[in-house]
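These are the residues of each chain, in order.
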Amino acid sequence: MRTDIFARLDREPEPPKIEIPRMSRTRLTLFGGTLAFYVAIVVAVLAPTWLVTLDWKVMLFRPYQQWPELHAFLDYFVVLGQRGPTAVMVAAWLGWRSWRQHTLRPLLALGAALLLLNATVGAVKIGLGRLGPHYATQIGSAELFAGGDIFPSGHTANAVVTWGILAYLATTPRARRYLSALSAVVSLGVGLTTVYLGTHWLSDVLLGWAAGLLILLALPWCETLIGTAEAWILSLREQWRARRRLAPSLPVAAGGLTPGIFPQRGPSGEQEPAREPVVAVGGRPTARTATQLDRQRPHTVRSERMPVTPSGSRRPPTSRPVTGG
């Protein structure tokens, strides 16, 4: 059993055949229903209607004061909806999947989903500018167009997308069912936690769930672009590898390149005297012949001098006492 588990972690010998989800009739129906729910929530908050009243009732109930013992745990649990930590965790898992299955599709699908999430949710947040419960100024007001950025809930939408992408990329029906249930529990928990902590209205969470689900349901429309991007990246990799294989390599001795002095022949075929390599002040190497060195040298070298023996005693002179007469 232990050997089988570790064998499944190894890289597959060849890319497996993975069935890519298509925009089926069922998925298209779910997309249309979720989009209608999304528009209904926005209209109910813009009106405002009973939904805004429910938002205020839940906020004034202050769940974090009703059940304070849950506060410490939920402060950590809500991190499962933050963009940075969840994206890193899911990207690490999908990176291993990409290496094991010889494909970039998992990472590219995650990147496409996060890009859609930032574009759609971010645009609605900035456009509606709703303030959060802690910054509300008027009871019963929807707090729209006041410079806020909490409608829809980014934590909730991010939890739906980042954990739901695991179910979307699952390769077996059993894994897809388990991962769908896991992502649903995490997404529901993160959304309700933001309501408990008082950082979001209830309508923010409802719209966040719908926004994240719309992105997951729309991903099959991006599969063609994902496949094109994967083929382009892999072709660039193959071109880079081909250039590395064709690059010329010169053999070098074990001790590296060492400078040498070799006699050169002039135009008449006579052998010129050896040149001595000299480095100039500017760092550019030059070469001078032995004849030129002799011309520039007015004095003789030590080997050409005659030995000279000093005459007299080598002892230092000693002082003698002076006697008076």
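Structure's up top.
Analysis parameters
Sequence order as written defines the numbering, with residues in each chain counted from 1. Owing to the predicted nature of the model, reporting of local features is limited to residues with pLDDT of at least 70; listing and counting of side-chain atom pairs is limited to 80 or more, with chain, interface and lining totals taken over all residues. To obtain the side-chain values, all non-hydrogen atoms of the structure were used and water was disregarded. Helix and strand definitions follow DSSP, with helices as H or I runs of at least four residues and strands as E runs of at least two, each counted in order from the N terminus. A helix is expected to reach a length of 1.5 Å times the quantity of its residues less one. Each residue's exposure class comes from its accessible area (1.4 Å probe, protein chains only) as a fraction of the maximum for that residue type: buried when under 20%, exposed when over 50%, partly exposed otherwise. Throughout, the arc means the angular range of directions from the helix axis out to the C-beta atoms. Residue contacts are defined here by distance: any two heavy atoms, one from each residue, within 4.5 Å place the two residues in contact. Candidates for patches are residues over 30% relative accessible area with no salt bridge; among them, like charges are joined within 9 Å and nonpolar side chains (Val, Leu, Ile, Met, Phe, Trp, Tyr) within 5 Å. Note on areas: Shrake-Rupley with a 1.4 Å probe; residue coverage comes only from the protein chains shown. Should a side-chain nitrogen of Lys or Arg be within 4 Å of a carboxyl oxygen of Asp or Glu, the pair is scored as a salt bridge.

Caption draft 1: Expanded view of the environment of Ser-24. With respect to the helices and strands, Ser-24 occurs in the loop between α1 (2–9) and α2 (25–46). For Ser-24 and Pro-220, which are 196 residues apart along the polypeptide, the C-alpha to C-alpha distance reads 9.1 Å.

Caption draft 2: Main features of α2. The terminal C-alpha atoms of α2, which comprises 22 residues, lie 32 Å apart, in line with the 32 Å expected from a rise of 1.5 Å per residue. Looking at α2, one finds that the buried residues are Arg-27, Phe-31, Thr-34, Tyr-38, Ile-41, Val-42, Ala-44 and Val-45. The buried residues of α2 occupy an angular sector of 160° when the element is viewed end-on, so they sit on one face. Counted as exposed and oriented over 90 degrees from the buried face of α2: Arg-25 and Thr-29. Looking at the buried positions of α2, the neighbouring elements they touch are α3 (50–61), α7 (105–128), α8 (154–168) and α10 (202–218).

Caption draft 3: Structural view of a nonpolar patch on the surface. Together, Leu-35, Val-39 and Val-43 give the surface a local cluster of nonpolar side chains, amounting to about 240 Å² of exposed area. Within the fold, Val-43 resides in helix α2.

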